[in-house]
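# Examining the three-dimensional arrangement
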Amino acid sequence: MRRTPKVSVSALVMSLVVMLPACGGPQAVSTPSPPPSPTPDGSPVAEPVSVPVTVGEPASAVAKGTCPVTRPADRPVEPPGALVRWLEGEGTADEAAEWYGGGGLWVLPAQARQAYPRPEDGKWGIKLPWWRDRDERLEIRAVSLDTGETVVGDVPEGYSVPGLQVSGFDFPRLGCWHITGTLGATQVRFVTKVVRAPRG
């Protein structure tokens, strides 16, 4: 039997998004998700709702001069079944332990650790994958724990739910950054140390 090669989520992110709007390229477009299957008794499945959930500490809680990088194991709950099933469908179920979040919003922090230089403006770009369980607008921002600068990230439209939501940042500098993703009443916050991606 011919086996389908495994493709990591990070590779999927790079294939889905050629360039984010900030880089002047097209936005990714995906087809809408099919409606949820009915329950055994024929009643419709309830859509996920936004409830107040906060994961991670605010930037103000981080001691000055430190960079306590968030570990996926620091998450308060395990990834939900819907996320795990999506990863299984992508052939990357073993990456479930690398996701961090809660309240229907999850992120892959490892993708925020390496940035690529942008010679045209001197900034450093990263692509950051999220997973969301409902159709609410995702907003992302980052605060430099070195200088206090704030950067608003790019979140292109066109991604179906539940499922992957690609995003990106153009940082003015490398170093320690506190990133917050907001989806309705849910906030997921984490700290990352951004370094230059290996050349070549």
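Worth saying up front: this structure is predicted, and the values here are computed from it rather than measured.

## Looking at the state of the cysteines
Going through the model one piece at a time under the given rule, you end up with one disulfide. With a sulfur-sulfur separation of 2.1 Å, Cys67 is cross-linked through a disulfide to Cys176. Handedness here is read from the sign of the S-S torsion; for Cys67 and Cys176, about 95°, the answer is right-handed. Pair noted here: Cys67 is in the loop between β1 (53-55) and α2 (81-89) and Cys176 is in strand β9 (residues 175-183), with a separation of 109 residues, a long-range link. According to the relative accessible area criterion, Cys67 is partly exposed, its value standing at 26%.

## Looking at the confidence of the model for the protein chain
Per-residue confidence for the protein chain gives a mean pLDDT of 83, with 74% of residues at or over 70. Of the regions scoring below 50 in pLDDT, residues 1-7 engages in six contacts with residues more than four places distant in sequence or in other chains. Residue range residues 14-37 is modelled with pLDDT below 50. Its contacts to residues more than four positions away, or to other chains, number 39 contacts.

## Quick look at the pattern of salt bridges
Close approach of charged atoms lets side chains of opposite charge pair. This model, assessed by the stated rule, comprises 10 salt bridges. A salt bridge links Arg118 to Asp170, with the shortest nitrogen-to-oxygen separation between them at 3.8 Å. Separated by 52 residues along the polypeptide, Arg118 in strand β4 (residues 114-118) and Asp170 in strand β8 (residues 163-171) bring together distant segments of the chain. For the residue pair Arg118 and Asp170, the accessibility class agrees, reading buried in each case. Ionic pairing is found between Asp133 and Arg134, a salt bridge with its closest N-O pair at 3.0 Å. Here Asp133 and Arg134 have matching classes, each one buried. Linked by salt bridges that have partners in common, Arg118, Glu120, Asp121 and Asp170 make up one network.

What counts, and at which threshold
- Positions within a chain are numbered from 1, following the residues in the order the chain's sequence is written.
- Local features are withheld for residues below a pLDDT of 70 in this predicted model, meaning they are given only at 70 or higher, and side-chain atom pairs are given and counted only at 80 or more; totals for whole chains, interfaces and linings count all residues.
- Side-chain descriptors were evaluated using all non-hydrogen atoms of the structure, hydrogens and water having been removed beforehand.
- The rule for a disulfide is simple: a pair of cysteine sulfur atoms within 2.5 Å.
- The numbering of helices and of strands both runs from the N terminus, where a helix is a DSSP run of H or I of at least 4 residues and a strand a run of E of at least 2.
- Accessibility here uses a 1.4 Å probe with only protein chains present; expressed as a share of the type maximum, an area under 20% marks a residue as buried, one over 50% as exposed, and anything in between as partly exposed.
- Scored between 0 and 100, pLDDT is the confidence that the predictor attaches to each residue.
- The contact criterion used throughout is that any non-hydrogen atoms of two residues lie within 4.5 Å.
- Salt bridges, as used here, are contacts in which a Lys or Arg side-chain nitrogen is within 4 Å of a carboxyl oxygen on Asp or Glu.

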